[in-house]
Amino acid sequence: MNADLIIYNIGQLVTGKELPLKENESPMENIEILENGYIAISGNEIMTVGHGEVPSKLIKFTTKLVDAEGCVVVPGMIDSHTHLVHGGSRENEFLDKIQGVPYIDILKKGGGILSSVKATKELSEDELLDKAKKTLRTMLSFGVTTVESKSGYGLDNETELKQLRVNERLNHEQEIEIVSTFMGAHALPQEYRDKRDEYIQKVIDLLPIIKERNLAEFFDVFCEEGVFSNEESKRMYLEAQKYGFKLRIHADEIVNTKGAELAKELNMYSADHLMAISQEGIEALKNSKTIANILPGTSFSLGKNYAPARKMIDEGVQVALSTDYNPGSCPTENLQLIMQIAALKLKMKPKEIFKAVTINAAKSIGREKRIGSIEEGKKADFVMFDAKNIEYILYHFGVNHTKKVFKNGCLVFKK
Ligand code: NIG
Ligand code: FE
């Protein structure tokens, strides 16, 4: 069979395929990198991958040939934790934040998440859609082809559903694939301060409605001291599981509330943040299918400690990296910057970092059979960087290295 498109002369082709572990390799360095690689694409899928000369049998007279000029190519990157759809921004809290007012104190005073809730209620569905599209265009320019997007800036039925409908429409109206998560348990609305159980029940009651309308695949809770306790979270998760939601969790971000342990117990797809994870939490994740989704941009932006990623990886935990893009704790679309922070601050190695934003991120959203690596039969999502090796992309920080982005076999971004 011949290809429709062939990318050749790829200096380093990170296929993202997982290889058997070699001696002295960390449990996350086992991804394949081909020197002088090529990719053959048929329609929207990867037909074959190789290195050296492109076999002539792949080429027909209509095949489009693209010279990568020795650049790096990697699988389309996946941002597996974002709060994409929201109104407004929070630069009014920025000065307080850099002067050390704690994140949770800002929230308790009705600021933080609650001020974004107000701004989100104020925008129409179309306005939210336009704002999110603009954000996604920026994400695409950084090499991101799939984004997980949570609700949670509504905290009432109408606005939560509005956010989720925006997720649904985004999937039809722009290039990036959206994975939709319901996060009605993102904060306790002020009017429910003395009626916690009532609010929790409201979230539970919304679950079947969302499922019936097919508006979200995942369910997420901010399990944190001062937000939702481990017990309250578990109560909601068990209900969500009954309706067929896949689970992920904001776990052990500021205070340890045994969120990682809960993730393992309920067989969640991912446990996210983990800045305050305990040794028991590490043990739990190590022996589970749950991906530890680390968001170092949030530590950077909040001026807080970083999750112990090095220790977790060395002990055998599988890690993903995401932006946590949101208007409060991490207002950036730039996944490359997150990867650079992961290298500089978490001491993650280049191969580990690329594994974290590709195949492991795909596992955290249950899409590893379809995306996350450049392998035969998978979707033809990949990024070409203006760099000769993966180290350069992490070392030269704060700039956008993307040269071209392909989604489903089509060129969707060009520098
Ligand atoms: O993942 N931690 C909770 N939620 C978001 C922040 C949301 C916000 O501050 O608006 C996070 O960091
Ligand atoms: Fe988050």
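Residues numbered from 1 in each chain as written. Chains lettered and ligands numbered in written order. Predicted model: local features only at pLDDT ≥ 70, side-chain atom pairs only at ≥ 80, totals over all residues. Heavy atoms only, no water.

### Quick word on the side chain of threonine 298
- Relative to the assigned elements, threonine 298 resides in helix H10 (residues 296-302).
- Threonine 298 gets classed as buried once you look at its relative accessible area, which sits at 0%.
- Every residue in contact with threonine 298, bar those within four places of it in the chain, is listed here: Glu253, His273, Thr323, Asp324, Ser329 and Cys330. (Helix = DSSP H or I, 4+ residues; strand = E, 2+ residues; numbered from the N terminus. Buried < 20%, exposed > 50% of the residue type's maximum accessible area, 1.4 Å probe, protein only. Contact = heavy atoms within 4.5 Å.)

### Considerations on a nonpolar patch on the surface
- On the surface, Phe94, Leu95 and Ile98 cluster together to form a nonpolar patch covering roughly 330 Å² of accessible area.
- Checked against the element boundaries, isoleucine 98 lands in helix H1 (residues 94-98). (Patch = residues over 30% accessible without salt bridge, like charges linked within 9 Å, V, L, I, M, F, W, Y side chains within 5 Å. Areas by Shrake-Rupley, 256 points an atom, 1.4 Å probe, with all protein chains shown as cover. Salt bridge = Lys/Arg side-chain N within 4 Å of Asp/Glu carboxyl O.)

### Comments concerning the domain arrangement of the protein
- Taken domain by domain, the protein consists of domain 1 (5-75 + 372-414) and domain 2 (77-364).
- For domain 1 versus domain 2, the separation of C-alpha centres amounts to 29 Å.
- Counting from both sides, the interface comprises 35 residues of domain 1 and, opposite them, 35 residues of domain 2.
- Summing the contributions of domain 1 and of domain 2, the shared interface buries around 2,900 Å²; its carbon and sulfur component is 65%.
- Sorting the residues of domain 1 by area buried against domain 2 places Met28, Leu394 and Lys407 first, and these three jointly supply 26% of that buried surface. (Domains from an automatic or database assignment. Buried area = accessible area lost by both parts, 1.4 Å probe.)

### Quick look at the coordination of the iron ion (ligand 2)
- Within the first shell, the iron ion (ligand 2) binds the protein through His81 (NE2), His83 (NE2), His250 (NE2) and Asp324 (OD), at distances of 2.0 to 2.5 Å.
- Each donor residue of the iron ion (ligand 2) lies on the same chain, and together they follow the pattern H-x1-H-x166-H-x73-D. You can see histidine 250 sitting in strand S10 (residues 246-251) and its partner aspartate 324 sitting in the loop between strand S13 (319-321) and helix H12 (335-344), a full 74 residues away along the chain. Like histidine 250, the residue aspartate 324 is buried in the burial classification. (Donors = N, O, S within 2.8 Å, 3.2 Å for Na, K, Ca; no water.)

### What about the site of ligand 1?
- Neighbouring ligand 1 are 15 residues, the closest being Arg90, Tyr103, Tyr153, Asp324 and Ser329.
- Here glutamate 253 contributes a side-chain N or O atom positioned 2.8 Å from a nitrogen atom of ligand 1.
- Coverage of ligand 1 by the protein amounts to 100% of the 330 Å² it exposes when considered alone.
- Split by residue class, the shell around ligand 1 holds four nonpolar, eight polar and three charged. (Near = heavy atom within 4 Å. Polar contact = N/O pair within 3.5 Å; in protein donor to acceptor, adjacent residues only side chain to side chain. Nonpolar A, V, L, I, M, F, W, Y, C, P; charged D, E, K, R; others polar.)

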